Amino acid sequence: MTKQLSTNPKQDGFRMPAEHEPQSAIWMAWPERTDNWRYGAKPAQATFVEVAKAIAKTTPVTMVVSAEQFENARVVLPSYIQVLEMSTDDSWMRDIGPSYVVNDHGERRGVDWHFNAWGGLVDGLYFPWDKDDAVARKVCETLGDDSYRAPIVLEGGSIHVDGEGTLYTTEECLLHPSRNPDLTREEIEDVLKANLSIEKVIWIPQGLYNDETNGHVDNLIHVVRPGEIALTWCDDETDPQYIISRKAMDVLLTETDAKGRQIKIHKLPMPGPLYISEDEANGVDVSEGMERVPGERLAGSYANYLISNKHVIYPLLDEVHDKDVAMLLADLYPNYEVTGVNAREILLGGGNIHCITQQIPKV
Ligand code: KQY
């Protein structure tokens, strides 16, 4: 029987591993909402199938899906992808799934953050979000793992850890009035330290331009390995991303990580800039939280890739840069496989490959 624990991971000797550490599975959630995914979510579903197939080259994948879509998902996904019925409000497993922690005795537990659809009643993207909020606990329950109900609103995509004591996040998201308005920066740091056993938080001022998550860090940077960061870069001074990336670089160059290392930065080109077309915008049902206006700037980033058991799965977003990014990633990750998946449909929904996946560490 699994338990919801009333202690915290740090006092119990558990820490959050980095994404490059061994994983036993990747979990995803099937896209369905027609006010987020165009044309009845069919193009997005086809993309999720491709992402799942790519990940499954090195890591088993579980796809959770509603009762209504179970039959369809089972048919279009290959038999080696596990399909499991579970209710969700949308399909961003990075944000609704558990952040797993492990100890030195080969045990793992889930951290189940409060989820409020990226901003609750202040500037959230949909209502209600109770099914999403219940997902982390259900994942842990299904895997037979105990969990902690962490006392703050947080999405998994708003943090990156290096597994050696450092956590990267953005002020824009974690200090946003729609997340934990009653907590100070120091109080939020204390919760992160208690729940992930990190020692140092590196606060990057802002996330990617026009990101509807209030600047998730996983859409701006990725941790390549402890002490090394891939950062979305923009050389066009007239682009709003220019100053955002520079400010991020300033912080990363000024700070040292939890082990006292100077941080090495690898620049990732920015795709585009990319915009939503009229046809793409018109394919989405109208809703209050998620506006899709033709011509609007999309929050496209190559940093939104997944690392899974010596395999990097990255989004193909712009023919001008896709191949260079593959070469760059191959350089950054020697002895890793690098797979690109055409990811425009995920981008149209507001995120990318990292946002729709959640790793379960191997113990
Ligand atoms: O982590 C993410 N990028 C989730 C984005 C949610 C967008 C909903 N339209």
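Quick caveat: nothing in here was measured; it's all calculated off a predicted structure.

1. Comments concerning the sheet that holds strand β6 (residues 108-114)
In step 1: Read across the open sheet, the 4 strands follow the order β1-β7-β6-β5; overall the sheet is mixed. Every interior strand has two partners, whereas the edge strands, β1 (4-5) and β5 (99-102), have only one.
In step 2: Across 2 bridges, β1 lies against strand β7 (residues 147-153) in parallel orientation. Its bridge partner lying in β7, Leu5 is registered against Tyr148.

2. Section: the sheet that holds strand β4 (residues 82-85)
In step 1: As summarised here, the arrangement of the 4 strands in space is β4-β3-β2-β17, forming an open sheet in which the pairing is mixed. Edge positions in the sheet fall to β4 and β17 (358-361), since each has one partner strand and no second. Recorded for the sheet is a direction-independent mean angle of 25° between the axes of neighbouring strands.
In step 2: Seen against the sheet, helix α2 (residues 42-55) touches β2 (23-29) and β3 (61-65) and runs at an angle of roughly 180° to β2.
In step 3: Across the sheet, helix α6 (residues 130-143) is in contact with β2, β4 and β17; its angle to β2 comes to roughly 140°.

3. Regarding the pairing of β4
In step 1: Note: β3 against β4, 4 bridges, orientation parallel. Counted as the bridge partner of Thr62 is Gln82 from β4.
In step 2: Crossover β3 to β4 through helix α3 (residues 70-76) is right-handed.

4. So, the UniProt feature "active site" (unreviewed entry) in the protein chain
In step 1: Residues annotated by UniProt as "active site" (unreviewed entry) correspond here to Cys355.
In step 2: With near-sequence residues (within four places) excluded, Cys355 lies in contact with Trp92, Met93, Arg94, Asp95, Asp218 and Asn304.

Reading guide: rules and limits
- In this convention, every chain numbers its residues from 1, walking through the sequence in written order.
- For this predicted model, a pLDDT threshold of at least 70 governs which residues receive local features, and a threshold of 80 or more governs which side-chain atom pairs are given and counted, while totals over whole chains, interfaces and linings are taken from all residues.
- The side-chain values count all of the structure's non-hydrogen atoms but skip hydrogen atoms and water molecules.
- By this definition, two strands are paired if DSSP reports at least two bridges between them.
- Secondary structure elements are taken from DSSP: a helix is a run of H or I of four residues or more, a strand is a run of E of two residues or more, and numbering for both begins at the N terminus.
- Each axis is a line fitted through C-alpha atoms, taken for helices only over the stretch in contact, and angles between the N-to-C directions span 0 to 180 degrees.
- Residue contacts are counted whenever heavy atoms from the two residues lie within 4.5 Å of one another.
- Crossover handedness is defined by viewing with both strands directed away from the observer: a clockwise path from the first strand over the helix to the second marks the crossover as right-handed.
- UniProt positions are given in the numbering used here, feature names are shortened, and annotations may be inferred rather than shown by experiment.

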